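One-letter residues, chain by chain:
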Amino acid sequence: MSNSTGDKPSTPLHSVSVAGAVIREDGRMLVIKRRDNGNWEPPGGVLELDETPEEGVVREVLEETGIRVEVEQLTGVYKNMARGIVALVFRCKPSGGIEIPTSESVAVEWLAPKQVSERMSKVYAIRLLDALEISAPHVRSHDGVQLTSAR
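For every chain, the first residue of the written sequence is number 1, and numbering continues from 1 onward in sequence order. Under the rules for a predicted model, residues below a pLDDT of 70 receive no local features and side-chain atom pairs below 80 are neither given nor counted, while totals for whole chains, interfaces and linings still include all residues. Side-chain numbers here rest on the full set of heavy atoms in the structure, without hydrogens or water.

**Structural notes on the pattern of salt bridges**
Any carboxyl oxygen of Asp or Glu within 4 Å of a side-chain nitrogen of Lys or Arg constitutes a salt bridge here. Counted by the stated rule, this structure contains 12 salt bridges. Among the salt bridges present, the one from R34 reaches E41, with a minimum N-O distance of 3.5 Å. On the basis of relative accessible area, R34 is assigned to the partly exposed category, the value being 24%. Here E60 makes a salt bridge to R59, at a shortest N to O gap of 3.0 Å. We classify R59 as partly exposed; its relative accessible area is 21%. Three exposure classes are used, based on accessible area relative to the maximum for each residue type with a 1.4 Å probe and protein chains only: buried under 20%, partly exposed in between, and exposed over 50%.

See below:
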């Protein structure tokens, strides 16, 4: 369905992704180095139509890292304004498995919060750092590189 100008759909189309902010008892956080672009990011991906957000994050973390997790709570909603991607980030605790590189990751590591800030771009680091806070979920927008709003 198009609007009166015929160039854009009348209903905005967004992609929904999920990511796990997996935090060990020692405070280290699970990250992957993506195979496709070499960036360090929290494990995650596109939410499938037939799964809940919690099911999606459990599946994505296992697929990308070899680590099984238990979902604790939603810690943030992040929108990439340039690409129309809404990411739901959940704090998780590891419940088993061994970290292994996969078809989607060339490396899997546990980083301290300071290392997260040093290695990751701000728009991904903030997703993990926000999960360290015990508060209401954060809602943030970015342009793919820089945060454009913060709450």
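Having seen the model, we can carry on.
**With respect to the packing of aromatic side chains**
Under the pairing criterion, centres of Phe, Tyr and Trp rings, with the six-membered ring standing for Trp, must be within 6.5 Å; the plane angle then separates stacked pairs below 30 degrees from edge-to-face pairs above 60, leaving the rest tilted. Summed over the entire model, instances satisfying the criterion amount to 0 aromatic pairs. For a Lys NZ or an Arg CZ to count as sitting over a ring, it must be within 6 Å of the ring centre and within 35 degrees of the ring normal. The aromatic ring of W40 is capped on one face by R119, whose charged end is 5.0 Å from the ring centroid.

**Structural notes on the sheet that holds strand β7 (residues 105–111)**
Read across the open sheet, the 3 strands follow the order β3-β2-β7; overall the sheet is antiparallel. A single partner strand is all that each edge strand has here, and the edge strands are β3 (40–41) and β7. Two strands form a pair only when DSSP identifies at least two bridges running between them. A helix here means a DSSP run of H or I that spans at least four residues, while a strand means a run of E at least two residues long, and both kinds are numbered starting from the N terminus. For strand β2 (residues 29–34) and β7, the ladder comprises 6 bridges, and the chain directions are antiparallel. Within β7, the residue paired with R34 across the bridge is S105.

**A short note on the pairing of strand β1 (residues 15–22)**
With 6 of 8 residues buried, β1 lies mostly within the body of the structure. Where β1 and strand β4 (residues 44–46) come together, 3 bridges link them in antiparallel fashion. Paired with V18 across the bridge in β4 is G45.

**A short note on the side chain of E51**
Relative to the assigned elements, E51 resides in the loop between β4 and α1 (53–65). In terms of polar contacts, E51 uses its side chain to reach the backbone amide nitrogen of E48, at 2.9 Å. Polar contact is defined as a pair of N or O atoms within 3.5 Å, subject to the rule that within protein one atom must be able to donate a hydrogen and the other to accept it, and that residues adjacent in sequence are counted only when both atoms are side-chain atoms.

**Structural notes on helix α3 (residues 122–131)**
Residues spaced three or four apart along an α-helix point in a common direction, a consequence of the helix completing one turn every 3.6 residues. Of all 10 residues that make up α3, 7 are buried, and the element is covered over most of its length. Burial in α3 covers these residues: V123, A125, I126, R127, L128, D130 and A131.

**Considering the nonpolar core**
Core analysis: the biggest nonpolar cluster contains 17 residues, and V31, V116, M120 and L128 have the highest contact counts within it. Among the elements of the structure, β1, β2, β6 (85–97), β7 and α3 are those that each provide at least two residues to this core. It is α3 that contributes the most residues to this core, 4 residues altogether. It only takes one pair of heavy atoms within 4.5 Å for two residues to be counted as in contact. The contacts of V31, once residues within four sequence positions are left out, are W40, E41, P43, A107, V108, E109, L111, M120 and L128. Throughout this description, the term nonpolar core refers to a set of buried Ala, Val, Leu, Ile, Met, Phe, Trp, Tyr and Cys residues connected via side-chain atoms within 4.5 Å.

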